[in-house]
Each structure stands twice: as C-alpha cells, then as structure tokens.
Amino acid sequence: MKRKTKRFTLRTRNKEVAVLQAKPWVYVQNPGEKGSTCVWLVCLAVSKSKRQINDWLNCKKNKRSRSLSKNMTGHSGPQPLYWAFYQLKRIEEYIPDWDSLWFWFDAVEKDKQRRVYIKGFSKYGNPNWQYLSEKDAFYFFKNPVLQ
C-alpha cells in the first residue's frame with residue numbers, strides 16, 4: 001500500500017503559519033505476511049513563513065531552519081497546540097490499521113514543551129498515546145482489535 005504524506009496548515013490570528021505533518025518514516029516488513037506496516041513521523045512547526053517551515057521540515061542547513069528550532073510556539077500562544085491535537089485525531093483515522101505514529105518534539109525549552117504535550121495528550125488526545133521518556137517522544141499504535 002502506498003502511503004502519502006499528510007499535511008495540515010493553520011493561519012493564526014497573529015498571521016503565523018502552523019503546520020502539522022505526518023509522513024511515512026520507517027517501513028517494517030511483517031514475517032509471513034504480504035504487506036508491511038509503517039511508522040509515521042509527526043512534526044509540528046509554527047513560523048511567520050511557509051518557506052521557513054519547509055526548510056525546517058526538510059532539514060535544510062540554513063539560517064531560516066536554525067532560527068525556527070529556537071521557538072516553541074511563536075507568538076500565537078496555545079492556539080496551534082490545541083489545533084494540533086485536533087488534527088492528530090484526523091491523522092489517527094487516516095493511517096491504515098497496524099501502523100503507528102511517532103510524535104517527536106525538539107525545542108530549546110524541552111522541559112516546558114514536554115509538560116505542555118503531556119497535559120495536552122492526557123486532556124485532548126487518544127488514551128492510547130504513550131509517552132516514551134528515554135526518547136522524549138509520544139507513540140501511538142493503531143490496533144483495529146482495540147478500536
């Protein structure tokens with residue numbers, strides 16, 4: 001099965017751009033089965049320009065992408081985070097059964113961001129999301145038996 005990148009964009013009140021992107025990251029072949037499962041990498045970025053976000057998502061080595069890694073949510077406050085949790089529910093429905101989502105975050109204020117995400121996942125997210133403390137990431141496995 002061909003998996004395509006899923007991308008959601010929001011324009012905030014402060015004219016900033018928030019992008020939540022889920023792209024196929026690692027394919028895992030199941031022994032004894034025809035198909036494979038996939039781990040999707042989920043990223044959230046907030047910036048003034050789409051070009052800066054695209055540079056950061058594509059890991060470009062330039063000033064625009066480096067400056068984006070120094071901000072947590074820009075100047076829009078928690079609005080992009082609430083929106084991101086809502087969009088994560090849509091991504092959960094979009095991915096095929098037996099696939100998983102890997103929500104990895106990277107910021108200068110990592111402790112603050114971790115607290116915000118843990119609170120957000122417990123309040124707005126699916127209860128099947130798990131926090132992996134050794135990786136500083138959240139993990140979701142779509143099991144059709146449990147749903």
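Shown above is the structure to which this text applies.
Let us look at the structure shown here. Just so we're clear, the structure is a prediction, and the values are computed from it rather than from any experiment.

Calculation criteria
Residues numbered from 1 in each chain as written. Predicted model: local features only at pLDDT ≥ 70, side-chain atom pairs only at ≥ 80, totals over all residues. Heavy atoms only, no water. Phe/Tyr/Trp six-rings, centres within 6.5 Å; stacked < 30°, edge-to-face > 60°. Lys NZ or Arg CZ within 6 Å of the ring centre and 35° of its normal. Axes fitted to C-alpha atoms, helices over the stretch in contact; angles between N-to-C directions. Helix = DSSP H or I, 4+ residues; strand = E, 2+ residues; numbered from the N terminus. Parallel < 35°, antiparallel > 145°, perpendicular 65-115°, else oblique. Left-handed = near helix turned anticlockwise from the far one by under 90°. Contact = heavy atoms within 4.5 Å. Nonpolar A, V, L, I, M, F, W, Y, C, P; charged D, E, K, R; others polar. Salt bridge = Lys/Arg side-chain N within 4 Å of Asp/Glu carboxyl O. Buried < 20%, exposed > 50% of the residue type's maximum accessible area, 1.4 Å probe, protein only. Pairing = 2+ DSSP bridges.

1. Examining the packing of aromatic side chains
Here a ring pair, both rings aromatic, is described through the centre-centre distance and the interplanar angle of the planes. Evaluation of the coordinates by the stated rule reveals 14 aromatic pairs. Taken together, the ring pairs connect Tyr82, Phe85, Phe103, Tyr117, Phe121, Tyr124, Trp129, Tyr131, Phe138 and Phe140 into an aromatic cluster. For Lys6, the ring lying beneath its charged end belongs to Tyr94, and the centroid distance is 4.6 Å.

2. Side note on the packing of helix H3 (residues 79–94) against helix H4 (residues 110–124)
Running from N to C, H3 and H4 cross one another at 50°; their axes reach a closest spacing of 11 Å. It follows from the interaxial angle that H3 and H4 lie oblique. In this structure, H3 crosses over H4, and the sense of that crossing is right-handed. Taking contact as the criterion, the partners of Leu81, Tyr82, Phe85, Leu88 and Lys89 in H3 are, on H4, Val116, Tyr117, Gly120, Phe121 and Tyr124. Its residues assigned to classes, the contact of H3 with H4 comprises eight nonpolar, one polar and one charged.

3. Observations regarding the pattern of salt bridges
Tallying each qualifying case throughout the model produces three salt bridges. Among the salt bridges present, the one from Arg114 reaches Asp111, with a minimum N-O distance of 2.7 Å. A residue pair is termed a helical-turn pair when its members lie 3 or 4 positions apart in one helix, as Arg114 and Asp111 do in helix H4 at three residues. Judged by relative accessible area, Asp111 falls into the partly exposed class, the value being 48%. Linked through salt bridges whose partners overlap, the residues forming this network are Asp111, Arg114 and Asp136.

4. Details of the pairing of strand S3 (residues 36–47)
Here S3 lies mainly inside the structure; 11 of its 12 residues are buried. Summarising the sheet, strand S2 (residues 17–29) and S3 pair through 12 bridges and their orientation is antiparallel. Bridging across to S3, Lys23 finds its partner in Leu41. Where S3 and strand S4 (residues 100–104) come together, four bridges link them in parallel fashion.

5. So, the sheet that holds S4
Reading across the sheet, the six strands line up as S1-S2-S3-S4-S6-S5 and stay open at both edges, with mixed pairing between neighbours. Edge positions in the sheet fall to strand S1 (6–11) and strand S5 (130–132), since each of these pairs with one other strand and no more. Here the average twist between neighbouring strands, direction ignored, is 25°. Here S4 pairs with strand S6 (residues 137–141) via five bridges, running antiparallel. Its bridge partner being in S6, Ser100 is matched across the sheet by Phe141. The sheet contacts of H4 involve S3, S4, S5 and S6, and relative to S6 the element is tilted by about 25°.

6. Section: helix H1 (residues 50–57)
Looking at H1, one finds that the buried residues are Gln52, Ile53, Asp55 and Leu57. Just past H1, the residue Cys59 takes up positive phi, approximately 55°.

By themselves, these are just geometric observations and shouldn't be taken as functional.
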